[in-house]
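What follows is the residue order along each chain.
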Amino acid sequence: MNLFADIRSLVIDCLDALAAEGQLPAGLDHANVSVEPPRDPAHGDMATNAAMVLAKPAGLKPRDIAEALAGTLAADPRIAQAEVAGPGFLNMRLAAPVWHDVIRAALTDPRYGRSDLGQGQSVNVEYVSANPTGPLHVGHTRGAVFGDALASLLDYAGFEVTREYYINDGGAQVDVLARSVYLRYLEAHGQEVAFEDGTYPGDYLIAVGEALRDEVGDAYVGKGEEVWLDAVRSFATEKMMAMIRDDLAALGVEMDVFYSEKSLYGTGRIEAAIEDLRAKGLIYRGTLAPPKGKLPEDWEPREQTLFKSTDYGDDVDRPIMKSDGGWTYFAPDIAYHHDKVSRGFDALIDVFGADHGGYVKRMKAAVAALSGETVPLDVKLTQLVKLYRNGEPFKMSKRAGTFVTLRDVVEAVGRDVARFHMLTRKNDAPLDFDFDKVTEQSKDNPVFYVQYAHARVHSVLRKADVDVSPAALAQADLSGLAHPAELALAAKLAEWPRLVEIAARTHEPHRIAFYLYDLASELHALWNRGNDDPALRFLQEGDSAATQAKIALIRAVSVVISHGLGILGVTPVEEMR
RNA sequence: GCACCCGUAGCUCAGCUGGAUAGAGCGCCGCCCUCCGAAGGCGGAGGCCAUAGGUUCGAAUCCUAUCGGGUGCGCCA
């Protein structure tokens, strides 16, 4: 059940009826007709812009259309009142039974809030995709939480979702990893080693070096790279990926596919992807113009193998091959996306850190070219996480011992807090993360605030001496739920399906978090009104019918909160501790 | 120099395919527990939606220009 969609259909039906009667021209386009909650509750429960949108094409005055529409709408039992306001808005007040239906739907329909927006279309969501050269840090944590919540949201909205991680195990950085592990390996054999520039000195490789020693003994000691590089690289990469998987698991993130960049090399897949583009006339030898403004010091004109990404909206064409004949990093990226396209996804989403913003256009160009512009690619960038402790900002620094890993975050504040808090900002806005504030149990902390609302409802359920099962509550007589404050809360529940669709369409899971905050806020407000007005208390002594009706309302709220938190990957707790 | 993102209350930020008098939290001022969890709620003060044009019935939202901040910019991934 999606009340806004239902009422919109009703409006459209009424418009059609008016057209049939000749009061409106036939064949008007209804695409821009919307039904939304008015900003000001005094304007009613729902408002439609139909009259204003149709005035021009119909050649009529907006208020005349609105008047006619109001008359037709009023015949429907769901509409308690319809009146024209302002320049031609039509404000509607809905009958109480409509809100009661919303409550029943939330209680009993396991699909309440789910949507068929996706219509089973398959979407690939690629996120995290960190280099397998070290532990995930806070920045990756945000990408992981965002990508995961987005994937869940799309699933909830009716898409077939694949969660995917691209392992950058094909470039020079994994050679550096291998050499660094080799040094730790020598160390494990009691040798004194020096970590020069261009190696990773992190402690986390000590155990990897020891593990390598345990596995191969002294077979590589004193040997040249040609003997051990390949083997150590795969050994090290595997260890790093095992660690990364563990870290993701601690955050509650589980990927469907780990896709190896290395698997693209030596298998003809890069060549095949490039051939695909070449066949479309998009690969050529050429020289790029120098960038305007300050010239790089070593700049000289150079002929390169280029992808004509400018045909698809990029600013300049992009090199795909290095002068030594090797591929640039862009080539395997093309091949990877070629593979995604050929796996038949209807849409692709990449989640990158904001520092990769410069690659968006070329990736979109590549996917557009590879798919013949049939598969949309949306790239979501996640901004920086600014770290605080006790209100004092601090920067990540390995040297100062303030390098904050994903695991540190989860261990310090817990999975639920980390996940929810990362979604309290839009993905492209910077985020403050204060280790002390996010665990504070007060209304200043949105995570707590929402969980508290859920726990409060369950506290009432425990105290109630009526049957509080959703099935029983849905059978209850809800006609006593008539107070505006109660119906307003039900109206908030009615927004849930609509909000899911907006969030899914815009690929913005933070909207779920903000909605839950609002919903929690309205629940707390109603709760407190019981202080002044005993008739609004949820437990009505000696009146089990009224009690059941009120509990139906707040239990429906808790159900929606738990669905919403589920999308965010946060546990809806039934008791605060 | 170019591209992308951002600019909304003192601070941190929401704001739907363009809708009515622009919202929340913090901070400030004043209130509310004989009552289901006060771990909460209610009220008040606080705005030229960076600036200037444009599009239209209507713009914080779309377009153009300018200013300010962030990120990136040919063989690093």
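Because the structure is a prediction, the values reported are computed rather than measured. (Residues numbered from 1 in each chain as written. Chains lettered and ligands numbered in written order. Predicted model: local features only at pLDDT ≥ 70, side-chain atom pairs only at ≥ 80, totals over all residues. Heavy atoms only, no water.)

J.: Talk me through the sheet that holds strand E8 (residues 283-287); I want residue IDs and the actual numbers.
T.: Working definition: the strands of a sheet are paired by backbone hydrogen bonds and lie parallel or antiparallel to each other. One open sheet accounts for 3 strands, arranged E8-E9-E10; its pairing is antiparallel. Edge positions in the sheet fall to E8 and strand E10 (318-319), since each has one partner strand and no second. Pairing analysis gives 2 bridges linking strand E9 (residues 303-307) to E10, with the strands arranged antiparallel. Residue Phe307 lies in a different strand from E10, and its bridge partner there is Arg318. (Pairing = 2+ DSSP bridges. Helix = DSSP H or I, 4+ residues; strand = E, 2+ residues; numbered from the N terminus.)

J.: Can you break down the domain arrangement of chain A residue by residue, with the values?
T.: Partitioning chain A into structural domains gives domain 1 (3-94), domain 2 (172-251) and domain 3 (441-568). One C-alpha centre belongs to domain 2, the other to domain 3, and the line joining them spans 53 Å. (Domains from an automatic or database assignment.)

J.: I'd love a proper account of the protein's contact with RNA strand B, names of residues and values included.
T.: Around RNA strand B lies a shell of 71 residues, among which Arg39, Lys322, Ser323, Tyr359 and Lys443 are the nearest. Here RNA strand B approaches the protein such that, of its atoms within 4 Å, sugar and phosphate make up 58%. Between RNA strand B and Lys463, the relevant distance is 2.8 Å, taken from a phosphate oxygen to a side-chain nitrogen or oxygen of the residue. The dominant element in the surface near RNA strand B, judged by the number of residues it contributes, is helix H17 (residues 510-532), at 9 residues. Here the residues of the surface near RNA strand B are counted per class, giving 25 nonpolar, 20 polar and 26 charged. (Near = heavy atom within 4 Å. Polar contact = N/O pair within 3.5 Å; in protein donor to acceptor, adjacent residues only side chain to side chain. Nonpolar A, V, L, I, M, F, W, Y, C, P; charged D, E, K, R; others polar.)

J.: I'd like to hear about unusual backbone geometry, residue by residue, with values.
T.: Unlike most non-glycine residues, Glu373 shows phi in positive territory, near 60°. Take Glu373: it is sitting in the loop between helix H11 (360-371) and strand E12 (377-382). Phi is positive for His507, which is not a glycine, with a value near 60°. With respect to the helices and strands, His507 occurs in the loop between helix H16 (484-506) and H17. Owing to a relative accessible area of 17%, His507 belongs among the buried residues under this scheme. (Buried < 20%, exposed > 50% of the residue type's maximum accessible area, 1.4 Å probe, protein only.)

J.: How would you explain the pairing of strand E13 (residues 385-389) if you had to name every residue and give the values?
T.: Pairing geometry for E13 and strand E15 (residues 431-434), over 4 bridges, is parallel. Paired with Val385 across the strands is Leu431, a residue of E15. Both E13 and strand E14 (residues 392-394) contribute to a ladder of 3 bridges, which runs antiparallel. Its bridge partner lying in E14, Leu387 is registered against Phe394.

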